[in-house]
Amino acid sequence: MSAPSVVIAGCGDVGSRLASQLLASEWEVRGLRRDISRLPEGVIGIAGDLFKKDCPDTWPIGGVDYLVYCAAATDHDEAGYRAAYVQGLKHVLEWLEDYGQAPKHLLFVSSSSVYGQQNGEWVDEASDTQAKGYSGQVMLEAEQVALSSGIPASIVRLTGIYGPGREWLLTQVRQGYRVAVDPPLYGNRIHSDDAAGLLAFLLRHVEQGGSLDKVYIGVDDAPAPLAEVVAWLRDYLGVTEWSEDASVRRAGSKQCSNARAKALGWKPRYPTYREGYAAILKG
């Protein structure tokens, strides 16, 4: 029996972590990105540009069992988001059709920005999508492209990804970052290894004969007030001073639930920010 094959379109940080996890399970992994020299060892490179309509010369000729669309916008404006998430996905779907390939399942990596709730509400997959900004609105448009593709598809809405190389909050805390305490501003986080782990878990679940819902939220077990997180990090890092020009966040927030993914059997390696940030700081 041949190993299951997957194409990870947009094989950057999370995609590469996913690739490594699947390689460890003896999957055949192809990763599409402009610079394939940056792919993990063992990944079959597809040198290509999601923003261009032309199919890459190294696109696989044989079957593709699974597709993970895990792109990142290079330009952070509405046009850049639409190019990365809507047009890029349409290009990949066209390439699959050109080669007569029909994956068993498509995972589209989306964002919790599709939820615009601002008053500390708990949000799950059944909550209304109330995207306020262009990023969430474009993501919702792209999600519909995936769900109407004719391929069995699931949307994975990741929350704030942190991990090695994604240390904005640590930098801000060292500089005296302030966060409003009342009302509490909740942060929803997922470690980059857990983001990849959730995607790998869902793919393995399908390969083992399981079924998936249309939408999953990728988040750790414990959304927490940002003021609490900052206080814990200040203590952990030994930061005692506030910077006079420290930024102060006062925007609204929500609390995202991972109950659906956990009910399927997924468990995050870093269930709270404490374990995740401690792992980063310990190297």
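For the structure itself, look to the data block above.
Here we summarise the structure given alongside this text. (Residues numbered from 1 in each chain as written. Predicted model: local features only at pLDDT ≥ 70, side-chain atom pairs only at ≥ 80, totals over all residues. Heavy atoms only, no water.)

## Thoughts on the overall build of the protein
Scanning the protein from terminus to terminus reveals 8 helices and 15 strands. Here the protein has a C-alpha radius of gyration of 19 Å; the compact-globule value for 283 residues is 19 Å, and the two agree. The principal-axis extents of the C-alpha atoms in the protein amount to approximately 60 × 40 × 35 Å. Residues classed as buried in the protein amount to 52% of the 283 residues present. For the protein, contacts bridging at least 24 residues in sequence account for 76% of all contacts bridging at least 6. (Helix = DSSP H or I, 4+ residues; strand = E, 2+ residues; numbered from the N terminus. Rg over C-alpha atoms; globule rule 2.2 N^0.38 Å. Buried < 20%, exposed > 50% of the residue type's maximum accessible area, 1.4 Å probe, protein only. Contact = heavy atoms within 4.5 Å.)

## So, the packing of helix H1 (residues 13-24) against helix H5 (residues 192-207)
Close contact between H1 and H5 brings their axes to 8 Å; oriented N to C, the two are set at 50°. Relative to H5, H1 is oriented oblique. Our pair here, H1 against H5, has a crossing hand that is right-handed. Contacts between H1 and H5 involve Asp13, Val14, Arg17, Leu18, Gln21 and Leu22 from the first element and Ser192, Asp193, Ala195, Ala196, Gly197, Leu199, Ala200, Leu203 and Arg204 from the second. For the contact of H1 with H5, the per-class residue count stands at 8 nonpolar, 3 polar and 4 charged. (Axes fitted to C-alpha atoms, helices over the stretch in contact; angles between N-to-C directions. Parallel < 35°, antiparallel > 145°, perpendicular 65-115°, else oblique. Left-handed = near helix turned anticlockwise from the far one by under 90°. Nonpolar A, V, L, I, M, F, W, Y, C, P; charged D, E, K, R; others polar.)

## Notes on helix H2 (residues 78-98)
Between its first and last C-alpha, H2 extends 29 Å over 21 residues, near the 30 Å set by a 1.5 Å rise per residue. The principal kink in H2, of about 30°, is found at Gln87. What H2 keeps buried is the set Gly80, Tyr81, Ala84, Tyr85, Val86, Gly88, Leu89, His91, Val92, Leu93, Trp95 and Leu96. Against strand E1 (5-9), strand E2 (28-33), strand E4 (66-69), strand E5 (105-111) and helix H3 (134-147) lie the buried residues of H2. One or two steps after H2, the chain reaches Gly100, where phi turns positive at roughly 65°. (Expected span 1.5 Å × (residues − 1). Bend = angle between axes of the 7 residues up to and from the residue.)

## Considerations on the packing of H2 against H3
The N-to-C vectors of H2 and H3 enclose an angle of 10°; their axes lie 9 Å apart at closest approach. Relative to H3, the element H2 lies roughly parallel. Across from Glu78, Tyr81, Arg82, Tyr85, Val86, Leu89, Lys90 and Leu93 in H2, the residues of H3 making contact are Tyr134, Ser135, Val138, Met139, Glu141, Ala142, Val145 and Ala146. Residue classes in the contact of H2 with H3 are distributed as 11 nonpolar, 1 polar and 4 charged.

## A short note on H3
End to end, H3 covers 20 Å across 14 residues, agreeing with the expected 20 Å (1.5 Å per residue, within 8%). Of the positions making up H3, those classed as buried are Gly136, Val138, Met139, Ala142, Glu143, Val145 and Ala146. Down the axis of H3, the buried side of the element spans an arc of 165°, and every buried residue falls inside it. Where H3 is buried, its residues touch H2, E5 and strand E7 (153-158). (Arc of directions from axis to C-beta.)

## Here we look at the pattern of salt bridges
This model, assessed by the stated rule, comprises 15 salt bridges. Linking Arg166 and Asp13 is a salt bridge whose minimum nitrogen-to-oxygen distance equals 2.8 Å. Remark: Asp13 occurs in helix H1 and Arg166 occurs in the loop between strand E8 (160-162) and helix H4 (168-174); sequence separation between them is 153 residues. On the basis of relative accessible area, Arg166 is assigned to the partly exposed category, the value being 32%. Residue Glu207 is joined to Lys104 by a salt bridge in which the shortest nitrogen-to-oxygen separation is 3.1 Å. Of this pair, Glu207 sits in helix H5 while Lys104 sits in the loop between H2 and E5; the two residues are 103 residues apart in sequence, bridging distant segments of the chain. On the basis of relative accessible area, Lys104 is assigned to the partly exposed category, the value being 42%. Each of the salt bridges in this network shares a partner with another, and the network as a whole consists of Asp13, Arg17, Arg166, Asp193 and Arg269. (Salt bridge = Lys/Arg side-chain N within 4 Å of Asp/Glu carboxyl O.)

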